[in-house]
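So you can see what is in the structure, the chains are spelled out below.
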Amino acid sequence: MASPGRSPAKRKRIELIQPEQQIKAEADGVSALDAIKLKIVGDASQIAADGVAPEFAHQIFEDERLPLKGAETALQLEVLYNERDLRLFLRPSGAPLAGAVEEVAYKLASELPPLCATMDEFESGLASPLTPDVVAGDKIAEYTRDDTAFEVRCGGLTQPAERVTFVQQLQSLMRWFIETWGPIDETDERWRLISIFEAPADGSGGRLVAAGTVFHFNRYVTKADAEVLGRDPGPQCVVKICQALVLPAYRGKGHGGELLRAMYAHAAAHSALEVTVEDPNPSFRLVRDVTDLRACQQHGLLRAASSSAAAGSQLADARKALMLTEEQVGMGRAVCGWRWRDRRVVG
């Protein structure tokens, strides 16, 4: 709606620009985020349901554009994932599979793990039972949300073969949602997969809910730092969180926090010095901050201190007990500082 003070000449100018914008849009192709639809399905009836758009496609298509024009712009590329084992099927529709359309479809297929050859093959896989311990490792925790049970699993990436395949398919799914995604080396034994699955009462193995990867490496701790950290000098294990994804249907229900807590528990089981995060996005940073502050509170480390020195001591204890980085300690110190100042004002 035009504002009351807008002149007719200005409205005419806007109308003249619209055809030029349309021509430019056709020349530049179409958005890959509009043309690609992701479907995570559990049975054949869900194949016809609406999919979700990927959040990112720049790692496959330059500038997230598909070089299509005219009737080709009606192309829709459905990437179907089996919600249990993540096997894939690519289904192009809306435009004849020829010329630029065919090139786009083959480009996408070449960037994905091996696909099911036919829809029948994909549908038959939907009925196959999942064995979580094979594809995801040992169960390390469990919890309940809204009367639904979930189990957390952890395992290496190098074997068995079913897990290697599952990890490769999971990587293709993460690629659509992690802006800074990069390939990982599934042959490196320092990687671990931590994942969450629904846990049906019949033990049949449920759908994937969330997953992440962590990497183990050593950091040398000097004698001076060892005294502060309560560690022995020398190499100490550090766990780096490299990837984390909650599937779209499960977001906003606390599963991201459960995944992060499982990663901390894994690090504690390996006596890690600290837990770091590689390139966290704002959403993950918020989950991390809230999780760390809650952990500090549960350990009695956010009590209003009698002085700023006491507050600093509390946070030093938090770093040792909770494997926090200096950055997270700084965030906690700020919270402690606020509470300490509030106490002085109230007192």
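Residues numbered from 1 in each chain as written. Predicted model: local features only at pLDDT ≥ 70, side-chain atom pairs only at ≥ 80, totals over all residues. Heavy atoms only, no water.

Student: What exactly am I supposed to notice about the nonpolar core here?
Tutor: Among soluble globular proteins, nonpolar side chains are generally buried collectively. By size, the foremost hydrophobic cluster in this structure holds 79 residues, and its most contacted members are L66, L77, V79, L108 and W176. Not counting the four nearest positions on each side in its chain, L77 is found in contact with A35, I36, K37, L66, L90, R91, P92, V104, A105 and L108. (Core = buried A, V, L, I, M, F, W, Y, C linked by side-chain atoms within 4.5 Å. Buried < 20%, exposed > 50% of the residue type's maximum accessible area, 1.4 Å probe, protein only. Contact = heavy atoms within 4.5 Å.)

Student: Could you clarify how one ought to interpret the sheet that holds strand β10 (residues 234-246) in this entry?
Tutor: For sheets, the rule is that strands pair by backbone hydrogen bonds, running either parallel or antiparallel. As summarised here, the arrangement of the 6 strands in space is β6-β7-β8-β9-β10-β11, forming an open sheet in which the pairing is mixed. Two strands in the sheet have a free side with no partner beyond their single neighbour: β6 (138-145) and β11 (274-277). Each strand axis lies, on average, 25° off the axis of its neighbour in the sheet, ignoring direction. Direction of pairing for strand β7 (residues 148-156) relative to strand β8 (residues 191-198): antiparallel, over a ladder of 7 bridges. Looking at the pairing, F150 lines up with E198 of β8. Across the face of the sheet, helix α8 (residues 255-269) comes into contact with β6, β7, β8, β9 (208-221), β10 and β11 while running at roughly 35° to β9. (Pairing = 2+ DSSP bridges. Helix = DSSP H or I, 4+ residues; strand = E, 2+ residues; numbered from the N terminus. Axes fitted to C-alpha atoms, helices over the stretch in contact; angles between N-to-C directions.)

Student: Could you clarify how one ought to interpret the side chain of E151 in this entry?
Tutor: Relative to the helices and strands, E151 is located in strand β7. Assessed through its relative accessible area of 11%, E151 is described here as buried. Only 2.9 Å separates the side chain of E151 from the side chain of R153, close enough to count as a polar contact. Apart from residues no more than four positions distant in its own chain, E151 is found in contact with P132, K139, A141, E142, S195, I196, F197 and A199. (Polar contact = N/O pair within 3.5 Å; in protein donor to acceptor, adjacent residues only side chain to side chain.)

Student: Would you mind going over the sheet that holds strand β4 (residues 76-82) with me for this structure?
Tutor: Taking strand neighbours across the sheet as the criterion, the 3 strands line up as β2-β4-β5 in an open arrangement whose pairing is mixed. Edge positions in the sheet fall to β2 (36-41) and β5 (88-93), since each has one partner strand and no second. For this sheet, the mean angle separating the axes of adjacent strands, direction not counted, is 20°. As paired strands, β2 and β4 are joined by 6 bridges and run parallel to one another. Opposite K37, over in β4, you have E78 as the bridge partner. Against the sheet, helix α6 (residues 161-174) contacts β2, β4 and β5, and its axis sits at roughly 140° relative to β4.

Student: In this structure, what is going on with α8? I would like to understand it.
Tutor: Helix length check: α8, at 15 residues, gives a terminal C-alpha distance of 21 Å against a target of 21 Å (1.5 Å per residue), a fit within 8%. Every buried residue of α8 is listed here: H255, G257, E258, L259, L260, A262, M263, Y264, H266 and A267. At the exit of α8 stands S271, carrying a positive phi of roughly 55°. (Expected span 1.5 Å × (residues − 1).)

Student: Got a minute to help me understand the packing of α8 against helix α9 (residues 282-298) in this structure?
Tutor: Between two packed helices, the angle of one axis relative to the other and the distance separating the axes together describe the packing. Packing of α8 against α9 leaves a shortest axis separation of 10 Å and a crossing angle of 65°. Between α8 and α9 lies a crossing whose hand is right-handed. Across the interface between the two elements, G256, G257, L260, R261 and Y264 from α8 touch F284, V287, R288, T291 and D292 from α9. (Left-handed = near helix turned anticlockwise from the far one by under 90°.)

Student: I keep staring at the environment of W181 and nothing clicks. Help me out?
Tutor: Here W181 shows up in the loop between α6 and β8. Since its relative accessible area comes to 16%, W181 is described here as buried. Separated by 98 residues in sequence, W181 and D279 place their C-alpha atoms 9.6 Å apart. Those residues within four positions of W181 in sequence are excluded, and the remaining contacts are Q59, Q171, M174, R175 and Q243.

Student: For this particular structure, what's the right way to read the layout of surface pockets?
Tutor: Here the idea is plain: a probe the size of a water molecule rolls over the atoms and shows the empty space left. Here the largest pocket defines a volume of roughly 960 Å³. What lines the largest pocket is a set of 39 residues, among which A244, L245, N281, S283 and F284 lie closest to the centre. Those elements that place two or more of their residues in the lining of the largest pocket are β10, α8 and α9. Its residues assigned to classes, the lining of the largest pocket comprises 19 nonpolar, 11 polar and 9 charged. (1 Å grid on protein atoms, 1.4 Å probe; cavity = no way out; pocket = protein on both sides within 12 Å on 5 of 7 lines; lining within 4 Å. Points joined across faces, edges and corners; volume = space filled by probe spheres on them. Nonpolar A, V, L, I, M, F, W, Y, C, P; charged D, E, K, R; others polar.)

Keep in mind these numbers describe shape, not what the thing actually does.
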